[in-house]
Amino acid sequence: MRRLSELQFEDRARVEREISGLARGIPSAILDRIDLLLSTSAAPEQGLEYFARLREHQPAAFDRVTRSLPLLRYLTAVFTNSRFLSEEIIEHPAWAEELADTSDLNSILETDQYQSRLQAALAPGLPSPLDLAQFRRRQMLRIVVRDVLGLGTLPEITSELSALAGAIVETAYRRIHADLVARFGETDAKFCVIALGKLGGVELNYSSDIDLMFLYSENGMTRGPAAITNKEFFKRAANQLTELLSTYTAEGMCYRVDLRLRPDGRLGEVCISLDGARQYYATRARDWELQMLIKARAAAGDRGVGRALLDFVEPRIYSSTLDFSAVEAISETRERINEKLAARRRPKNEIDIKLDRGGIRDIEFVVQCLQRLHGGAEPWVRHGGTLLALARLQDKGFLSEAEYGRLAAAYQFLRHLEHRLQFADDRQTHALPCERVELDHLARRMPGADPSGRSADWLLDQVRRHFANVIEIYERVVHSLPAPQSTIAVPAPAYAPRRGQRAFEHFLERSGPALLPPGDPRTRCAVDLFDHSPYFAEELIRTPALAEEIGREPLEDSAPQEPVELRRWFRRHMLRIQSKSICRGFPIFETLSETSELADRVIARAYEIAIASVRAAHPPLDPAYRPSNQMWVIALGRLGMREFDLASDADLVFVLADSDAAEIAFWRRVAERIIDRLSAYTGEGVLFSVDTRLRPNGGGGPLVQTESAVRDYFGKTAEAWEGITYMKSRAVAGDASRAESFLHLLQEVDWRRYGQSGRSRTDLRQMRMRLEKEQGASHPLKAGRGGYYDIDFMLMYLRLKSAGIFFKVLNTPARIEVLESMGHLDRAEAQFLDQAATFYRALDHGLRVLSGHAEGKLPASESLRETLGELVKRWSPVPLDQLAEIRARTRGLFDRLFG
């Protein structure tokens, strides 16, 4: 690309006429900067036009932004790539000046951060469609600059676009829900927005439709003077949300909402109950409807309702056989789509990079077919994101390295091209322009170091080459043709793992051998991880730099303040802890203690971040009030016992000191923000899920309650199992001393109600039997006969009998030791319970290390059972093949205690 001074005379004259207004009164140094920046851009004439218009319509803003070389660079990126955003800058020049914060441009914003920005931008009450559409475009400006300047990878850009949409949907729903509650009263039912398609897979593009499904938990009535059914309540919410998002405004519409993927499509209810959805997918759903749920996720509202449906449907999505008939049946549907596309009227020779053969849709289709085919036996390949699913399919051998490389390269190239087509005019298009000059501009806008050598011919050649590669793989995979044998032999490294060699080779290709040299202790541990943990193998492939964390001591540095960095810090330290556990056989309860400490630090930091964020957006009622640590975050369950593990949920309860009850609305927002920070899905994944249902009155109770309200509930209303649950509680944020005193008083209340009365024995047995009946088949290791819950219930019951003695925290071995010292267990019983508890925790830990999430059953695969057995031996003297004996002895002791 030539500078203005190097253009041919006739071109120069034309361009100089166009910028004559720009040149008047502008120092030559600024003109030289603009000239230099435009000379390497994709469309210098378009850029000049918008600089001239900015000077004409916003002279003061022009003077400010042109003094900053970074801002000039960002404006050049926008003016030469996106006409609709260029028009926005002419109308709202302050948007451009916001780009001066380079730290913001170099960060990946998450859903909760976008929510904070949107809340700050909106007035109280229901937002208007214009408010939301304008916010979307304002944030889109930053994302486009990141994209054009290469400040974010494709997955990071699509993650941000998805996070932005998620924040708008969540915020809009919350405002609508509050308005409906004011009109019709509260309801105990919950509502969830399930995202499908690209939003569900966290790979949204710039002008996507958003495919949504609306779900509510149960039927019933609202509580208010104008009470209506839950169905009507949530139907109104769904319709209002759809209308709010898709109404056209002067800033365009926020999102086109597509509800056709819901049960029964256009003929179905706009919002369906959880039971109704379960029945539909169990009995009537067509095959393609199951396939599209691969990308489904709970994106707004109550995530638990969405997870309940998706957990129910998941076994129906994935096949457990190698029969291609299901794939071929879906393929027929895909062929019909192609036929309709061919019959559709469109310009001759138009190329559609999404729907043409070999395009984006074909890549996604191949991935989903393979996931459905192999996901039953290999849960590892189940993932909504196309690129990560491709990597996992290759890791498990369902795609060759060559196939993976071609599909991944084609997908990334075509998605980058799709983005540049769409952010030009904020138009949902996938068709390449027919005019050669537009194709030339598009070619130069593609990512890469030097756009000067790119042309329309280059772009068309690249598209056709990728199409051809995808078509060849599509035909072979979908129609079950034999794959050609590779002629390239990849030498195995001298330290190759026994099971994870292919994945390890993929890692080495991405990282280079220098990161893990032979003989280095970190290398031996990395090999061990690839051998025994498909989950951590994927983590290292995704982020090779994480390998530097292997062997380092965890929790040596403090948690960062920035939310994105906090997630990265959590991932790094989780790998440090788990690599020590796997490679060094670190004692299981010490590992769980370290993981709990990691969660504690993250919650404490999220507490601080949330206070600062809420204080800025929604200050306390009293201007003199100084929020610091007045709300206590109480951990229950595994975190309360310091037995938190990889992929554990955090059971949290929020209690406010009575002295601060006047500011409970402020603290409720802080609690909500903490939950969002911890559990929001981002490109870095989630920190961990948060469950707040163990608070007084469960999900129907206020999220934040005063200490006197909680104490009163346990003194008068709570059931025995609730009181016993709080025996495994401790403060993880807020004023630790006051929280400890509060928990001590609460335990005394429980002891008086249950420990002295003897009621708890019968209540606990009944509860344990109910859990066994409801969950024993699906989670036999925990809830089945002789499972871990037998141990837990025995220890809770015996602990309650002596609850007059307060301990700040007791993990399972410590509970057993205390009960033995008090005479509630004899030596032989204590030794067995300690051995059984260690075995069950080691088994649970091994399953999490294998898959990256909690599992209730042993794996079906013989090879995974073998790997699991090797892991369990590192932490427990009891081998896996003695599981049946452990279960029988555990139930025997349970029956002797409970009768």
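Not measured: the values here are computed from a predicted model. (Residues numbered from 1 in each chain as written. Predicted model: local features only at pLDDT ≥ 70, side-chain atom pairs only at ≥ 80, totals over all residues. Heavy atoms only, no water.)

A. Broad picture of the nonpolar core. Judged by nonpolar contacts, the single largest core of 129 residues is most densely connected at Met-631 and Leu-652. The residues contacting Leu-652, other than those within four sequence positions of it, are Ile-603, Val-633, Ile-634, Ala-635, Leu-639, Leu-678, Val-690, Asp-691, Thr-692 and Val-732. Residues Tyr-74, Phe-191, Cys-271 and Ala-299 belong to the second largest nonpolar core, which totals 77 residues. (Core = buried A, V, L, I, M, F, W, Y, C linked by side-chain atoms within 4.5 Å. Buried < 20%, exposed > 50% of the residue type's maximum accessible area, 1.4 Å probe, protein only. Contact = heavy atoms within 4.5 Å.)

B. Molecular detail of the state of the cysteines. In the structure shown here, the tally under the stated rule is 1 disulfide. With a sulfur-sulfur separation of 2.0 Å, Cys-525 is cross-linked through a disulfide to Cys-583. Looking down the S-S bond of the Cys-525 and Cys-583 bridge, the torsion is 85°, so its handedness is right-handed. Of the two residues, Cys-525 is situated in helix H25 (residues 521-532) and Cys-583 in helix H27 (residues 563-584); the sequence distance between them amounts to 58 residues. (Disulfide = S-S within 2.5 Å. Helix = DSSP H or I, 4+ residues; strand = E, 2+ residues; numbered from the N terminus.)

C. Layout of the pattern of salt bridges. Scanning all chains against the criterion turns up 68 salt bridges. Here Glu-97 ties to Arg-64 by a salt bridge, and the two come within 2.9 Å at their closest N and O atoms. Placement of the pair is Glu-97 in helix H8 (residues 93-97) and Arg-64 in helix H5 (residues 59-65), with a sequence separation of 33 residues. For Glu-97, a relative accessible area of 26% translates into the label partly exposed. Arg-64 sits in the partly exposed class, given a relative accessible area of 41%. Put simply, Glu-232 and Arg-236 hold a salt bridge, and the shortest N to O gap is 3.1 Å. One end of the pair is Glu-232 and the other is Arg-236, both in helix H14 (residues 230-246) and 4 residues apart, which spans about a single turn. With a relative accessible area of 29%, Glu-232 lands in the partly exposed category. Its relative accessible area of 30% is what places Arg-236 among the partly exposed residues. Members of the salt-bridge network, linked through shared partners, are Glu-88, Arg-136, Arg-137, Glu-251 and Asp-426. (Salt bridge = Lys/Arg side-chain N within 4 Å of Asp/Glu carboxyl O.)

D. Here's a closer look at the confidence of the model for the protein. Residue-level pLDDT values for the protein average 87, and 90% of them are 70 or greater. Within the protein, strand E6 (residues 631-636) carries the highest mean pLDDT (98), whereas helix H1 (residues 9-18) carries the lowest (45). Under a pLDDT of 50 for its full length, residues 320-326 has, in the predicted model, 10 contacts with residues more than four places off or in other chains. In this model residues 481-494 is a low-confidence stretch, pLDDT under 50, and it forms 14 contacts with partners more than four residues away in sequence or in other chains. (pLDDT = per-residue confidence, 0-100.)

E. Structural view of the packing of helix H12 (residues 154-184) against helix H21 (residues 401-422). H21 packs onto H12 with a crossing angle of 45° between their chain directions and a minimal axis gap of 11 Å. Relative to H21, H12 is oriented oblique. In terms of crossing hand, the pair formed by H12 and H21 is left-handed. Residues Leu-154, Ile-157, Thr-158 and Leu-161 of H12 touch H21, and the partners they reach there are Gln-412, Arg-415, His-416 and His-419. Residues belonging to the contact of H12 with H21 are distributed by class as follows: 3 nonpolar, 4 polar and 1 charged. (Axes fitted to C-alpha atoms, helices over the stretch in contact; angles between N-to-C directions. Parallel < 35°, antiparallel > 145°, perpendicular 65-115°, else oblique. Left-handed = near helix turned anticlockwise from the far one by under 90°. Nonpolar A, V, L, I, M, F, W, Y, C, P; charged D, E, K, R; others polar.)

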